[in-house]
Amino acid sequence: MRYDLNILWIEDTLTYYEEAKELLESYAEDSGISVKFYYIQNVKDFYDKMRNNEEGFKLYDIYFIDYSLSDGVVGSDLISLLRTKKLMQTFCFIHLIKKLQFVKL
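This one's a predicted model, so the numbers in the text were calculated from it and none came from an experiment.

Participant: Is there a simple way to think about the sheet that holds strand 2 (residues 33-40) in this case?
Facilitator: Two strands in a sheet stick together by hydrogen bonds in their backbones, pointing the same way (parallel) or opposite ways (antiparallel). Taken together, 3 strands build an open sheet; the order of strands is 2-1-3 and the sheet is parallel. Sheet topology places strand 2 and strand 3 (62-65) at the edges, where each strand pairs with a single neighbour. Pairs of neighbouring strands in the sheet enclose a mean axial angle of 25 degrees, with direction left out of account. Summarising the sheet, strand 1 (residues 3-10) and strand 2 pair through 8 bridges and their orientation is parallel. Looking at the pairing, Tyr3 lines up with Ile33 of strand 2. Contacts between helix 1 (residues 14-30) and the sheet are confined to strand 1, strand 2 and strand 3, with strand 2 contributing the most and set at about 170 degrees to the helix.

What follows is the structure, given as structure tokens:
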């Protein structure tokens, strides 16, 4: 059985996205998963895309959202919008920093 996944990736560091995407594509292919990535670097573009998306109509299976985005926006703000529009119910939040921090959403 082959799985097809659409992933929206919101990340303001292009080099990180490109490197991580390459690794994930390789892993997915080895696992029999077809993955299509949609990349957004600018938070404004994310808000525009979500504004045009119908409530409850899910275009993406998975969202990868950077926690520390540009312009002082944090990933949890974007997750709140996705939940409000009923586009996402469950999420996994990973935030890498020098010391461990817990973020309650």
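Participant: Hey, could you run me through the pattern of salt bridges in this one?
Facilitator: Any two side chains of opposite charge can pair, on the condition that their charged atoms come close. Evaluated as defined, the whole model comprises 2 salt bridges. The salt bridge partner of Glu25 is Lys21, with a shortest N-O separation of 3.3 Å. Of the two residues, Glu25 and Lys21 are both situated in helix 1; the distance of 4 residues between them amounts to about one turn of the helix. The partner of Lys44 in a salt bridge is Asp48, and the shortest N-O contact between them spans 2.9 Å. Taken together, the residues span about one helical turn, with Lys44 and Asp48 both in helix 2 (residues 43-51) at a distance of 4 residues. Judged by relative accessible area, which is 53%, Lys44 ranks as exposed.

What counts, and where the lines are drawn
- Residues numbered from 1 in each chain as written.
- Predicted model: local features only at pLDDT ≥ 70, side-chain atom pairs only at ≥ 80, totals over all residues.
- Heavy atoms only, no water.
- Pairing = 2+ DSSP bridges.
- Helix = DSSP H or I, 4+ residues; strand = E, 2+ residues; numbered from the N terminus.
- Axes fitted to C-alpha atoms, helices over the stretch in contact; angles between N-to-C directions.
- Contact = heavy atoms within 4.5 Å.
- Salt bridge = Lys/Arg side-chain N within 4 Å of Asp/Glu carboxyl O.
- Buried < 20%, exposed > 50% of the residue type's maximum accessible area, 1.4 Å probe, protein only.

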